[in-house]
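Report on the structure
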Amino acid sequence: MLLVSEKAARIARSIRHDNHLLSLLVEEKTGCKKNPRFNKDFKTITDVLVQEVVKFDLSQKFPALTGHIYGEENNEIGLKTGEKVYLKIDTSKENTFNLLETLCDSIAAQLLADIVHKEVLLEELPGNVFLPELSVDLPLEEMAIWIDPIDSTGEYINPRTEKDGDVFTAGLHCVTVLIGAFSRESGVPVIGVINQPFHTAPDSTEWIGDVIWGLNFGETSICSLQERTASKVVIISASESDDIKKRLLDSGFRLIEAAGAGYKLLSVIQGQVNAYVISKSTTFFWDTCGCDAILRSLGGGIVSYQKALSGNLNNFLSYSNISDPCNHGGLIAYTNPKILDEIVDALKK
């Protein structure tokens, strides 16, 4: 999962770095500039490509997962002619190129096919990826995967770097690749990987990513990060209701508004904020599954906002309802159960 997340991150970075691919991504295609064959624009192709690469690579490595890997995107791309192209990766770079050439020009198709079929090595992972020797017998035949190929697509296309303290509230830093494994029977998240393709840019040109993982299975709970605790800071969406903002502020919490569900959850995991609160049903399993596994490995988790305010603080999210992947009733994500208690008390006042 770490390696496929990094391949996804490489695709995201390469598109932003290559002038030709970037022009396809950011240009609003209208009139004569828009390819008349396509119903979907290049950003959609990018999302679907990343998702299908992750699905293919994981299925190749772990055949037991085949047919049980789900994501935000549909792999169907419609053409204006009425034809439908199904973006599906296989072992042949030539086949990948030929398929991509039906969706974008030959230059872009070749560049993307090269990235898709280039192997990522463990030693190439960014940062100090901590991989301990573990003896955990995961029943892969009972597992499934949720993928968000590029979370915070708006920031990816039109970045504008903004910060509030150490937290980025907008920009490429808020873009994440999210992969989560869960039990098909119980819906409990087990493994999570968050790849942040645009973590730092030391020379202001080449971006370096970062990757964080967590495992929570049986008696084993381990994370690549050590928990760090912020001081009464809650991260929210800009669209959160004024009433909820006021209740949290009146109880002494500082609020930060930021883009990207994945990035907001990452901020909780990294200890830059105490919790992420969203009262609306606007996040989905692909946003939260991997992050939830990491939070649980740190002793926290994600609960339903609505049920928590009704008194059920142990109603953790479940991810097995494939036909309805919405996190209905909002959510509260946290690492410290005491903070969850404080937030719920504040919101009830």
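What this report covers is the structure whose coordinates are included nearby. (Residues numbered from 1 in each chain as written. Predicted model: local features only at pLDDT ≥ 70, side-chain atom pairs only at ≥ 80, totals over all residues. Heavy atoms only, no water.)

Let's shift gears to the pairing of strand β6 (residues 167–170). Summarising the sheet, strand β5 (residues 162–164) and β6 pair through 3 bridges and their orientation is antiparallel. Residue pairing in the sheet places Glu162 in a bridge with Ala170 of β6. Between β5 and β6, which pair antiparallel one after the other, the connecting turn spans 2 residues, and Gly165 there sits at a positive phi close to 65 degrees. (Pairing = 2+ DSSP bridges. Helix = DSSP H or I, 4+ residues; strand = E, 2+ residues; numbered from the N terminus.)

With that settled, the discussion passes to the packing of aromatic side chains. Overall, the coordinates contain 8 aromatic pairs when judged by the stated rule. Centre to centre, the rings of Phe198 and Trp207 are 5.6 Å apart; their planes meet at 90 degrees, and the pair counts as edge-to-face. Using a relative accessible area of 23% as the deciding quantity, one classes Trp207 as partly exposed. Note on Phe285 and Tyr319: the rings are 5.2 Å apart at their centroids and 75 degrees apart in plane angle, and the pair reads as edge-to-face. Of this pair, Phe285 sits in helix α9 (residues 285–297) while Tyr319 sits in the loop between α10 (305–309) and β15 (331–334); the two residues are 34 residues apart in sequence, bridging distant segments of the chain. (Phe/Tyr/Trp six-rings, centres within 6.5 Å; stacked < 30°, edge-to-face > 60°. Buried < 20%, exposed > 50% of the residue type's maximum accessible area, 1.4 Å probe, protein only.)

Read across the open sheet, the 6 strands follow the order β1-β4-β7-β8-β9-β10; overall the sheet is mixed. Looking along the sheet, the strands with just one partner apiece sit at the ends: β1 (69–71) and β10 (220–223). Sheet twist, expressed as the average angle between the axes of neighbouring strands with direction ignored, equals 15 degrees. Relative to strand β9 (residues 208–217), strand β8 (residues 189–200) runs antiparallel, the two sharing 7 bridges. Within β9, the position partnered with Thr200 by the bridge is Ile208. Docked against the sheet, helix α1 (residues 2–17) engages β4 (143–151), β7 (176–183), β8 and β9, running at close to 30 degrees with respect to β8. Sitting on the sheet, α9 touches β1, β4, β7, β8, β9 and β10, and the angle it makes with β8 is about 105 degrees. (Axes fitted to C-alpha atoms, helices over the stretch in contact; angles between N-to-C directions. Contact = heavy atoms within 4.5 Å.)

One can describe the packing of α1 onto helix α5 (residues 106–116) by two numbers: an axis separation of 10 Å at closest approach and a directional angle of 155 degrees. If you check the angle between α1 and α5, you find them roughly antiparallel. When the axes of α1 and α5 are compared, the crossing they make is right-handed. Seen from α1, the contacting residues are Lys7, Arg10, Ile11, Ser14 and Ile15; seen from α5, they are Leu112, Ile115 and Val116. Residues belonging to the contact of α1 with α5 are distributed by class as follows: 5 nonpolar, 1 polar and 2 charged. (Parallel < 35°, antiparallel > 145°, perpendicular 65-115°, else oblique. Left-handed = near helix turned anticlockwise from the far one by under 90°. Nonpolar A, V, L, I, M, F, W, Y, C, P; charged D, E, K, R; others polar.)

A few words on the pairing of β8. The buried fraction of β8 is high, at 10 of 12 residues. Where β7 lies against β8, 6 bridges are found, and the strand directions are antiparallel. Following the sheet pairing, Val177 is matched in β8 by Asn195.

The geometry of a pair of packed helices is captured by two quantities: the angle between their axes and the separation between those axes. Orientation of helix α8 (residues 261–269) relative to α9, taken along the N-to-C sense of each, is 5 degrees, at an axis distance of 10 Å. Comparing their axes, α9 and α8 come out roughly parallel. Across the interface between the two elements, Ala261, Gly262, Leu265, Val268 and Ile269 of α8 pack against Asp287, Thr288, Cys291, Ile294 and Leu295 of α9. Class assignment of the residues belonging to the contact of α8 with α9 gives a composition of 7 nonpolar, 2 polar and 1 charged.

Using the criterion set out here, one finds 0 disulfides in the structure. Here Cys223 is not cross-linked by a disulfide; its sulfur's nearest cysteine counterpart is in Cys291, at 11 Å. By relative accessible area, which is 6% here, Cys223 ends up buried. For the unlinked cysteine Cys326, the closest cysteine sulfur is that of Cys289, found at 15 Å. (Disulfide = S-S within 2.5 Å.)

A few words on the nonpolar core. Ranked by size, the top nonpolar core spans 54 residues in total, and within it Ile11, Ile15, Leu49, Val54, Leu87, Ile145 and Tyr156 carry the most contacts. No other element matches helix α3 (residues 42–61), which puts 8 residues into this core. Among the nonpolar cores identified, the runner-up in size contains 38 residues, and Tyr70, Val233, Val273 and Tyr276 belong to it. (Core = buried A, V, L, I, M, F, W, Y, C linked by side-chain atoms within 4.5 Å.)

With respect to the helices and strands, the residue Asp324 is situated in the loop between α10 and β15. Relative accessible area serves as the criterion here: at 32%, Asp324 is assigned to the partly exposed category. Along the sequence, Asp324 and Phe284 sit 40 residues apart, while their C-alpha atoms lie 9.0 Å from each other. Separated by 3.0 Å, the side chains of Asp324 and His328 make a polar contact. (Polar contact = N/O pair within 3.5 Å; in protein donor to acceptor, adjacent residues only side chain to side chain.)

Reading across from one edge, β12-β11-β13-β15-β14 is the order of the 5 strands in this open sheet, with mixed pairing throughout. Strand pairing shows two members of the sheet lacking a second neighbour, β12 (254–257) and β14 (301–304), which therefore form its edges. Shown here is a sheet whose adjacent strand axes are inclined to one another by a mean of 25 degrees, direction ignored. Judged from the 4 bridges that link them, β14 and β15 form a sheet pairing that is antiparallel. The residue of β15 that forms the bridge with Val303 is Ile332.

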